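Here's the letter readout for the chains.
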There are 2 protein chains.
Amino acid sequence: MEKLFASIVTIGDELLIGQVIDTNSAFIGQELNKIGVTVKAKHAIGDEWKDIWNTLNEASKESSIVLITGGLGPTADDITKPLLCEYFGGKMILHQPTLEWVTYLFEEIFKRPMIERNRKQAEVPDCCTVLKNEKGTAPGMMFEKDGKLFFSMPGVPSEMKNLMIQVLQIIQQKFKTPAIEHRTLLTMGLGESFLAEHIKNFEENLPPNVKLAYLPNYGLVRLRLTGHGENKTQLVQQLDDLFQVLKSQLNHVLVADEDIPIEAAIGKVLLEKKKTMCTAESCTGGYIAHKLTEIPGSSQYYFGTIVSYDNSIKQNVLKVKQETLEKFGAVSEETAKEMAVNALKLMSTDYCVAVSGIMGPTGGTVEKPVGLVWIAATSKEGKIETKQFNFRFERRRNIEMTATNALNFLRKFIIEN
Amino acid sequence: MEKLFASIVTIGDELLIGQVIDTNSAFIGQELNKIGVTVKAKHAIGDEWKDIWNTLNEASKESSIVLITGGLGPTADDITKPLLCEYFGGKMILHQPTLEWVTYLFEEIFKRPMIERNRKQAEVPDCCTVLKNEKGTAPGMMFEKDGKLFFSMPGVPSEMKNLMIQVLQIIQQKFKTPAIEHRTLLTMGLGESFLAEHIKNFEENLPPNVKLAYLPNYGLVRLRLTGHGENKTQLVQQLDDLFQVLKSQLNHVLVADEDIPIEAAIGKVLLEKKKTMCTAESCTGGYIAHKLTEIPGSSQYYFGTIVSYDNSIKQNVLKVKQETLEKFGAVSEETAKEMAVNALKLMSTDYCVAVSGIMGPTGGTVEKPVGLVWIAATSKEGKIETKQFNFRFERRRNIEMTATNALNFLRKFIIEN
């Protein structure tokens with residue numbers, strides 16, 4: 001079966017000058033992929049009439065489906081709606097159901113007076129099918145031209161995500177989509193090139209309909225198998241078989257055999273063992289807690305953290321001995337140990353991991369350079385393990401590396417203890 | 001002066017299927033902007049020979065500068081280097097200085113044996129200028145064709161960022177860049193359409209070389225003035241004057257008169273007043289602490305947090321009375337107050353903000369629905385203020401909205417107290 005291609009067009013100067021990071025098109029890519037649509041390209045352009053026009057031409061040449069986000073707000077810099085009206089040869093009309101919806105939102109939900117700009121949100125080209133925006137005032141729109149489908153959605157992520165439910169349904173009604181399957185392995189401990197060397201034979205012998213990709217991310221490497229086929233059942237079987245082989249070859253560095261972040265992987269281990277954990281953070285400033293609590297349901301196993309960003313908190317709340325801080329310093333094996341042991345006691349969990357390090361750009365010395373991190377894991381039974389890391393990267397990257405390594409260190413500690 | 005345009009091309013299937021969010025092109029956009037280069041478009045494409053080739057053609061048609069990231073790794077799915085070699089009509093040669101650099105990295109820094117794949121990183125097309133990658137093994141490359149410049153950089157953010165220093169220098173040597181100026185105002189309290197209505201007159205009377213953009217983000221709205229011109233001094237003066245007018249019209253919702261996040265805005269207030277703060281978080285799970293500590297130097301005013309994700313931590317560490325929890329519940333004005341007051345005492349700071357809420361998707365009830373949040377701010381002098389919020393969004397958005405509103409609530413509390 002021929003692949004069904006989609007192109008994503010994101011509109012807004014803020015994307016080009018980098019004031020906003022585009023997370024929308026990643027979400028759209030994921031969702032399209034799940035229903036067997038291959039994203040051919042993503043194009044980001046500014047609020048310029050000619051650029052938008054040309055990009056729509058290009059996108060419809062390369063793909064059967066074009067998804068557009070952004071440029072639908074109530075302000076003067078948003079030109080997408082009049083442009084789409086002209087592009088598809090329509091004229092603007094007031095869409096009564098949308099007007100009623102916008103009015104309802106202002107009267108009942110926002111409880112604010114509606115102004116002319118808001119009313120304008122209900123105007124749409126007469127050549128489009130309106131897709132109701134359950135999460136906001138700017139309606140989604142669908143256009144058809146020469147057998148190709150165009151969808152226009154607002155750039156606000158929650159509104160776009162909700163509209164995508166309708167968009168995906170329409171795509172599946174209008175096109176026959178091929179089978180597509182992914183299998184993802186999360187590994188930690190081997191760099192990309194060493195992984196590649198280790199599974200060289202496996203990779204070279206992959207069938208032509210299956211691709212292997214390496215996705216390194218802060219010390220972790222995701223390995224993703226992607227297969228295309230006509231017969232879903234056969235494809236699932238083929239991918240499952242290949243995935244088993246891959247897993248068995250990488251068992252020593254395996255973190256998870258599904259596409260989940262490491263904070264979810266540790267959660268699964270805790271849920272299985274019916275155990276709980278807490279953290280004691282210094283240099284990561286709450287980032288480990290944030291990652292853990294991003295996972296819905298994490299309250300079942302994650303109790304909390306004490307972030308001792310200032311040393312006084314290490315002493316006064318975490319009860320690290322003044323002597324330890326004076327003799328070994330805040331970034332030391334001894335301090336990390338006391339942080340872990342005392343935090344576990346304070347929060348009464350089964351496990352605890354503590355981190356103390358220097359993230360940069362300043363704060364490093366010759367003996368303790370930027371990137372030095374001590375991690376300590378402990379259990380209610382009193383077992384304790386520590387590890388030193390030397391990251392030598394930038395602040396942002398050091399924080400990520402510390403969090404990822406702390407979570408993996410504790411994950412292994414839990415499995416072994 | 002004519003605008004100088006650049007196009008950004010990012011290569012990798014992981015971007016198209018949404019497994020990785022592209023932060024590189026936002027960074028590149030920001031940096032180009034600072035030196036007066038306008039980003040015309042960004043294109044993301046997969047590891048497909050024909051797509052990369054066609055996109056290079058397109059990008060060089062629309063822009064004088066093409067920046068390419070990704071596809072330079074040591075694994076088989078990376079095809080960018082051989083493609084560039086053919087595209088620019090060269091042949092692959094071993095680049096001795098790069099080989100020496102890669103060898104040094106493996107021997108002295110990574111302390112791992114080097115394998116053939118790593119050695120291959122030192123091969124480059126003979127028609128390129130090699131840009132040394134100080135942060136990794138894959139070299140940057142520059143190509144010139146028909147008066148246009150092409151730069152190829154690895155996709156690893158730290159490596160790309162470091163290479164961009166050289167890239168920007170070369171662009172400034174090879175092209176005369178126009179003056180470009182931005183002024184950004186951070187506001188909170190008025191939605192996009194109400195802001196637009198409020199400054200309608202100002203916006204309509206902007207000179208043709210100045211644009212105004214609205215950038216809403218979790219309850220905050222950034223207003224950005226962008227001006228182009230030939231004379232830098234005149235442009236600076238023009239933008240400064242317009243910015244003064246804009247500021248005076250929006251004084252009542254002003255958070256900061258520069259492009260900084262709210263966590264930096266609160267830091268500035270604390271530094272000015274020489275005061276310190278801490279936090280007590282429940283539903284945000286450490287996210288507020290993380291945001292605050294992302295700012296380098298935040299240890300001067302931010303001491304730490306206690307995240308009481310489980311109610312036992314509210315009782316045992318934050319000493320919230322059992323009676324309060326039983327009578328009013330964890331998500332209540334009373335609990336938030338006790339959290340703030342007790343955390344401030346435990347951590348001995350001048351100010352504290354506490355949050356307790358229900359982020360969803362589960363955990364809501366009829367009386368306390370998902371999105372309900374209580375925020376309490378307190379000072380060492382014993383002043384205390386609380387506020388209830390009802391966000392009704394998704395989990396991720398609720399966490400963001402809670403953090404942003406808590407920081408702004410405390411910021412205003414600090415200014416007034």
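Residues numbered from 1 in each chain as written. Chains lettered and ligands numbered in written order. Predicted model: local features only at pLDDT ≥ 70, side-chain atom pairs only at ≥ 80, totals over all residues. Heavy atoms only, no water.

1. Thoughts on the environment of Leu105 of chain B
All names here are of chain B. Take Leu105: it is sitting in helix H5 (residues 96-110). In this structure, the C-alpha to C-alpha distance between Leu105 and Thr137, residues 32 residues apart in sequence, is 7.8 Å. In contact with Leu105, not counting residues within four places along its chain, are Phe110, Lys111, Gly136 and Thr137. (Helix = DSSP H or I, 4+ residues; strand = E, 2+ residues; numbered from the N terminus. Contact = heavy atoms within 4.5 Å.)

2. Comments concerning the side chain of Lys247 of chain B
Residues and elements named next belong to chain B. Within the fold, Lys247 resides in helix H10 (residues 232-249). In this structure Lys247 comes out as buried when scored by relative accessible area, which is 17%. Contacts of Lys247, omitting those with residues within four sequence positions, involve Leu185 and Asp257. (Buried < 20%, exposed > 50% of the residue type's maximum accessible area, 1.4 Å probe, protein only.)

3. A few points about the packing of helix H11 (residues 262-273) of chain B against helix H16 (residues 395-416) of chain B
Residue and element names in this part refer to chain B. Viewed as axis vectors pointing N to C, H11 and H16 meet at an angle of 20°, and their least axial separation amounts to 9 Å. Classified by the angle between their axes, H11 and H16 sit roughly parallel to one another. At the point where H11 passes H16, the crossing takes the left-handed sense. Two secondary-structure elements touch here, H11 through Ile262, Glu263, Ala265, Ile266, Val269, Leu270 and Lys273 and H16 through Thr404, Leu407, Asn408, Leu410, Arg411, Ile414 and Ile415. (Axes fitted to C-alpha atoms, helices over the stretch in contact; angles between N-to-C directions. Parallel < 35°, antiparallel > 145°, perpendicular 65-115°, else oblique. Left-handed = near helix turned anticlockwise from the far one by under 90°.)

4. A few points about the interface of chain A and chain B
Contact with chain A, which involves 94 residues of that partner, is made by 94 residues of chain B. Together, the buried faces of chain A and chain B total about 7300 Å²; carbon and sulfur atoms form 54% of this surface. On the surface where chain A and chain B come into contact, there are twelve salt bridges. In this structure, Glu197 of chain B and Arg117 of chain A form a salt bridge, with 2.9 Å as the shortest nitrogen-oxygen distance. (Buried area = accessible area lost by both parts, 1.4 Å probe. Salt bridge = Lys/Arg side-chain N within 4 Å of Asp/Glu carboxyl O.)

5. Quick word on the nonpolar core
Formed by 46 residues in total, the largest nonpolar core has its most connected members in Ile306, Leu318 and Met347 of chain A together with Ile306, Leu318 and Met347 of chain B. Among residues more than four places away in sequence, those in contact with Leu318 of chain A are Ala280, Ile306, Ser308, Ile313, Met339, Asn342, Ala343 and Leu346 of chain A. (Core = buried A, V, L, I, M, F, W, Y, C linked by side-chain atoms within 4.5 Å.)

6. Let's talk about the sheet that holds strand S6 (residues 129-131) of chain A
The strand order across the open sheet formed by twelve strands is S6(A)-S7(A)-S8(A)-S3(A)-S1(A)-S2(A)-S2(B)-S1(B)-S3(B)-S8(B)-S7(B)-S6(B), and the pairing between neighbours is mixed. Sheet topology places S6 of chain A together with strand S6 (129-131) of chain B at the edges, where each strand pairs with a single neighbour. Across the sheet, the mean angle from the axis of one strand to that of its neighbour is 20°, orientation sign disregarded. Bridge count between S6 of chain B and strand S7 (residues 140-145) of chain B: three bridges; the pairing is antiparallel. Note that in S7 of chain B the partner of Thr129 of chain B across the bridge is Met142 of chain B. (Pairing = 2+ DSSP bridges.)

Purely geometric stuff here, so don't read any function into it on its own.
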